[in-house]
Amino acid sequence: MEARAAVPCAARIRRTACALSVAVVAVLIMVGIGACSDPLADGWDLIQAGDMAAAVATYRESLAKNAGDVKALSGLAVALMPQGEYEEALDIQERVIIADLADVQTRMELGFNYLSHQERAIDAVRVPSEAVELDGSARNLTFLAQAQERAGQSAAAEESLRTAIQVEPSYAYPYTVLVELLQNDQRHLEAARVKDLAKQNGLSLDTAQPAR
């Protein structure tokens, strides 16, 4: 009796193990499919490849399923800018920075949009100022200074540029912008000192690249 009872018990164990194996395989397949079809990753890959139109379509498809996905909104704004869709990008960028108080990059992109495409210099100062509070990099400070200068805030722009130089002495572009600012203000001796400081730090201002 005991031997006969052991047979169906063993069979049940085998059947259970088989069912578990099938279930595990099914889960792994579904996980694999999900990983391969991540629209956010796909959208970013398309941006990196320069296919902005396809990236826009990918992000729109994602947003059709979840209209409040901040990462998808941010990616869509990035893809729209090179296509000249500045107004739509503006609306999305403003939504993103409201939803994500720690998003530095979108604040910088929005500041650029305000400054270069919307003729809103004051807003172009306000939003990068928020970004600088989160990340006071030399790059961010230099762009902020350019917005401040455009808004007629020359003293603040000079301060931002001098801070940028202190933060990253090896970054050439803030030297270039500061030299131009000082020369425009007829402060040629101070401009010459900035050039000398750049040389002391091993920099050639002739090859300095913009902050963006």
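Not measured: the values here are computed from a predicted model. (Residues numbered from 1 in each chain as written. Predicted model: local features only at pLDDT ≥ 70, side-chain atom pairs only at ≥ 80, totals over all residues. Heavy atoms only, no water.)

(A) Representation of the environment of Ala145 within the structure. Examined against the element boundaries, Ala145 turns out to sit in helix H8 (residues 138-150). Judged by relative accessible area, Ala145 falls into the buried class, the value being 1%. Considered as a pair, Ala145 and Ser129 are 16 residues apart in the sequence and their alpha carbons are 9.6 Å apart. With residues near it in sequence (within four places) discarded, Ala145 still touches Ala157, Ser160 and Leu161. (Helix = DSSP H or I, 4+ residues; strand = E, 2+ residues; numbered from the N terminus. Buried < 20%, exposed > 50% of the residue type's maximum accessible area, 1.4 Å probe, protein only. Contact = heavy atoms within 4.5 Å.)

(B) Here's a closer look at unusual backbone geometry. The phi angle at Glu119 is positive, at roughly 55°, despite the residue not being glycine. The residue Glu119 is located in the loop between helix H6 (104-117) and helix H7 (121-134) in this model. When its relative accessible area of 70% is taken as the criterion, Glu119 is described as exposed.

(C) Region of the structure containing H8. In this model, H8 (13 residues) spans 18 Å end to end at C-alpha, consistent with the 18 Å of a helix rising 1.5 Å per residue. Taken residue by residue, H8 has Ala138, Asn140, Leu141, Thr142, Phe143, Leu144, Ala145, Ala147 and Gln148 as its buried positions. Here the buried face of H8 lies against H6, H7, helix H9 (154-167) and helix H10 (173-184). Of the residues one or two after H8, Gly152 is the one with positive phi, at around 85°. (Expected span 1.5 Å × (residues − 1).)

(D) Representation of the pattern of salt bridges in the model. On inspection of all chains with the given rule, the structure shows 11 salt bridges. Residue Glu158 pairs with Arg162 through a salt bridge whose shortest N-O separation is 3.1 Å. With Glu158 and Arg162 both in helix H9 and 4 residues apart, the pair spans about one turn of that helix. Here Arg162 ties to Glu190 by a salt bridge, and the two come within 3.9 Å at their closest N and O atoms. Placement of the pair is Arg162 in helix H9 and Glu190 in helix H11 (residues 188-200), with a sequence separation of 28 residues. Note on Arg162: relative accessible area 32%, which makes it partly exposed. On the accessibility criterion, Glu190 (28% relative accessible area) is partly exposed. Through salt bridges with shared partners, a single network forms among Glu94, Arg107, Arg120, Asp123, Arg126 and Glu130. (Salt bridge = Lys/Arg side-chain N within 4 Å of Asp/Glu carboxyl O.)

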